[in-house]
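Below, each chain spelled out in residue letters.
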Amino acid sequence: MMGKNFIVVAMDGGAATGKSSTSKILSDRLGLLYVNSGAHYRSLTWAILQEGIPLDRLEKIEAFLKSLKVGVKIEGNEAHITLGDPIPGKEIRSQTVNEAVSHIAAIPGVRKFLLPHQKDYKKLARQHSFKGLIMEGRDVGTVIFPDADFRFFLVADEEERTRRRQGEGQIDSIGKRDRLDKRRENAPLFLSEGAIEVDTTHLTLPEVAKELTDFILAGIK
Ligand code: DC
């Protein structure tokens, strides 16, 4: 890792473990392009629901995917997926999407559709002169970038995570979503060998951010 001038950081973990807030801080401090891969699944889920396609109609979902024009919009140091018009907004965090997203994310065709797009962010980060890429999700360090320079895995008690979501005004069945994400056959959520597990239950956001920033800085010195 010595003298690395471009790094890839994978930030995996269950819902509301602190992935987004931590990743955003690391992206600011270290000059990394930030990508939330959960938002990719949320945006697709929202588009599928808008289209009125029932979640169990796999052939319809796969045909719909083929009709989408996938693109990227960079705002500051964050890259967002676009799926043509209209651009998905904060509706992707609605209760309806929260309830449907793990079902959509378990469909192999959906994951196969998103994977090349997700891998492309590394090239995009280089093209836009970022010092690296930080991507958060469930399978970033296992499937998307198994060779990432840093692979973190955040965990926190369910009670604390529910409190965090409620504080954000969100209704989210965290435990149910985690179980679906862990049990699916395709790219399940799990702590892979070599990933660094961080329990955020009793840590403040600045504490988590400092711990991980220090760890990365020590690794690239
Ligand atoms: O990070 P999030 O809670 O916004 O993610 C929403 C859902 O997307 C999550 O329940 C599972 C799915 N997901 C996934 O399967 N793989 C990823 N890399 C990111 C998210």
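Above this note sits the structure.
Heads up: these notes are all about the structure in this document.

Quick notes on the rules
Residues numbered from 1 in each chain as written. Predicted model: local features only at pLDDT ≥ 70, side-chain atom pairs only at ≥ 80, totals over all residues. Heavy atoms only, no water. Near = heavy atom within 4 Å. Polar contact = N/O pair within 3.5 Å; in protein donor to acceptor, adjacent residues only side chain to side chain. Areas by Shrake-Rupley, 256 points an atom, 1.4 Å probe, with all protein chains shown as cover. Pairing = 2+ DSSP bridges. Helix = DSSP H or I, 4+ residues; strand = E, 2+ residues; numbered from the N terminus. Axes fitted to C-alpha atoms, helices over the stretch in contact; angles between N-to-C directions. Contact = heavy atoms within 4.5 Å. Buried < 20%, exposed > 50% of the residue type's maximum accessible area, 1.4 Å probe, protein only.

**Side note on the site of the ligand**
Then comes step 1: Lining the immediate environment of the ligand, one finds 16 residues, of which R42, R111, D139, R177 and D181 sit closest.
Then comes step 2: A distance of 3.2 Å separates an oxygen atom of the ligand from a polar atom in the side chain of S102.
Then comes step 3: Here an oxygen atom of the ligand and a side-chain polar atom of R177 are 2.7 Å apart.
Then comes step 4: Contact with the protein chains removes 98% of the 450 Å² of surface that the ligand exposes when unbound.

**Examining the sheet that holds strand β2 (residues 32-36)**
Within a sheet, each strand pairs with its neighbour through backbone hydrogen bonds, oriented either parallel or antiparallel.
Then comes step 1: Read across the sheet, seven strands follow the order β3-β4-β2-β5-β1-β6-β7 without closing on themselves; strand pairing throughout is mixed. Edge positions in the sheet fall to β3 (71-75) and β7 (196-199), since each has one partner strand and no second. Between one strand axis and the next, the sheet turns by 25 degrees as a mean value, whatever way the strands run.
Then comes step 2: Relative to strand β5 (residues 132-137), β2 runs parallel, the two sharing five bridges. Residue N36 lies in a different strand from β5, and its bridge partner there is E136.
Then comes step 3: Where helix α1 (residues 19-30) meets the sheet, it contacts β1 (7-13), β2, β4 (78-82), β5 and β6 (150-155), and its direction lies at approximately 165 degrees from that of β2.
Then comes step 4: Here helix α2 (residues 37-50) sits on the sheet and contacts β2, β4 and β5; the angle it forms with β2, its principal contact strand, is near 40 degrees.

**Quick look at unusual backbone geometry**
Then comes step 1: For A16, which is not a glycine, the phi torsion comes out positive at approximately 60 degrees.
Then comes step 2: Looking at the secondary structure, you find A16 in the loop between β1 and α1.
Then comes step 3: According to the relative accessible area criterion, A16 is buried, its value standing at 7%.

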